[in-house]
Amino acid sequence: MSILPFTNRSTTVVCLLLPLCFFISQASANESYDLTFEGDGTFLIPHQGNSIHAAIVDIHANEVVAKQSDTISGTGEPAFAFQFSEIFEEGKLYDLHYWIDSNFGEGSVGSCDPIDIDHQWRIAFASINDNVTEVAQLAPEEQAPVCATFK
């Protein structure tokens, strides 16, 4: 009886399992991180009582991975707050898209209208390696069209 065929089979099995082991170790190495997103007091006067909608977009997959809505407070800071738990994976790129249903002059309550009617913004996140807290200030001059994310 030869030991060589047994050794070859073991070597073959080990060689086939190594890529799987590598993949599993890489998958478990990617940490997940939280996002806390808040608006400061600059949102209070112009948007008190308006609804605000936020979405996290995985840039590589080009898909929305989470959405939340809230109402802007009129009583103090934060004006709004969202908590997205374990939403970011290390090594990936994300956008935060958000809009306020302000309906300046016209528009439809509950639907995202053009920038001059509803306020809209985009925040990019890269190189995430820890939990993130983002505190936004009202900045109408920095708007970006994001309505397509919420259709």
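**Student:** Sorry, what's going on with the state of the cysteines here?
**Tutor:** By definition, a disulfide links the sulfur atoms of two cysteines through a covalent bond. The final tally for this structure, using the stated rule, is one disulfide. What pairs with Cys112 in a disulfide is Cys147, and their sulfur atoms sit 2.0 Å apart. Note on the Cys112 and Cys147 pair: the S-S dihedral is about -75°, so by sign convention the disulfide is left-handed. Of this pair, Cys112 sits in the loop between β5 (94-100) and β6 (119-125) while Cys147 sits in the segment after β7 (132-136), and the two are 35 residues apart along the sequence. Of the residues examined, Cys112 reaches a relative accessible area of 10% and is grouped as buried.

**Student:** Explain the pattern of salt bridges to me, please; I cannot follow it from the model alone.
**Tutor:** A side chain with one charge can pair with a side chain of the opposite charge if their charged atoms come near. Inspection of the entire model under this criterion finds three salt bridges. Across the salt bridge formed by Asp58 and Lys92, the nearest N and O atoms sit 3.4 Å from each other. Highlighted residues: Asp58 in strand β2 (residues 51-58) and Lys92 in the loop between β4 (80-89) and β5, separated in sequence by 34 residues. The class for Lys92 is partly exposed, based on a relative accessible area of 26%. Where Glu89 meets Lys92, a salt bridge forms, and the shortest distance between an N and an O atom there is 3.8 Å. Several salt bridges converge on common partners, so that one network encompasses Asp58, Glu89 and Lys92.

**Student:** What's the story with the sheet that holds β7 in this structure? I'm lost.
**Tutor:** Across a sheet, paired strands are connected by hydrogen bonds in the backbone, their directions being either parallel or antiparallel. As summarised here, the arrangement of the three strands in space is β4-β1-β7, forming an open sheet in which the pairing is mixed. Where the open sheet ends on each side, the last strands, each with one partner, are β4 and β7. Across the sheet, the axes of successive neighbouring strands diverge by a mean angle of 20°, strand direction being ignored. Note that strand β1 (residues 32-39) and β4 share seven bridges and pair antiparallel.

**Student:** Help me understand the nonpolar core in this model?
**Tutor:** One broad rule of soluble globular proteins: the nonpolar side chains tend to lie buried together. If you look at the biggest cluster of nonpolar residues, it comprises 27 residues, and the most contacted ones within it are Leu35, Phe37, Phe43, Ile56, Phe88, Tyr98 and Phe125. Ranked by the residues each element gives to this core, the list is headed by β4, at five residues. Those residues in contact with Phe125 that lie beyond four places of it in its chain are Leu35, Phe88, Lys92, Leu93, Tyr94, Leu96, Val132 and Glu134. The next biggest cluster of nonpolar side chains, apart from the first, holds six residues, and it includes Ala55, Trp99, Cys112 and Val146.

**Student:** Explanation requested: unusual backbone geometry in the structure shown.
**Tutor:** Peptide bonds are mostly trans, and most non-glycine residues show a negative phi. Here the amide bond leading from Glu77 into Pro78 is cis, since omega sits at -5°, within 30 degrees of zero. Relative to the helices and strands, Pro78 resides in the loop between β3 (63-71) and β4. Not every positive phi belongs to a glycine, and Glu86 is a case in point at roughly 45°. Here Glu86 is to be found in strand β4. On the basis of relative accessibility, which here comes to 59%, the residue Glu86 falls in the exposed class.

Reading guide: rules and limits
- Here, residues in each chain are numbered from 1, in the same order as that chain's written sequence.
- A pLDDT threshold of at least 70 governs which residues receive local features in this predicted model, and a stricter bar of 80 or more applies before side-chain atom pairs are shown or counted, although totals over entire chains, interfaces and linings include all residues.
- The side-chain figures draw on all heavy atoms in the structure; neither hydrogens nor water molecules are used.
- Defined by distance alone, a disulfide is two cysteine sulfur atoms within 2.5 Å.
- Here a strand is any run of E in DSSP of at least two residues, a helix any run of H or I of at least four, and the numbering for each starts at the N terminus.
- Remark: exposure states derive from per-residue accessible area (1.4 Å probe, protein chains only) relative to the maximum for the residue type, with buried under 20%, exposed over 50%, and partly exposed in between.
- Any Lys or Arg side-chain nitrogen found within 4 Å of a carboxyl oxygen on Asp or Glu counts as a salt bridge.
- Two strands pair under a simple rule: DSSP has to find at least two bridges between them.
- Inter-axis angles, ranging from 0 to 180 degrees, are taken between N-to-C directions of lines fitted to C-alpha atoms, where helices are fitted over the stretch in contact.
- Put simply, a nonpolar core is a bunch of buried Ala, Val, Leu, Ile, Met, Phe, Trp, Tyr and Cys residues held in one set by side-chain atoms that sit within 4.5 Å of each other.
- In this analysis, two residues are considered to be in contact whenever any of their non-hydrogen atoms come within 4.5 Å of each other.

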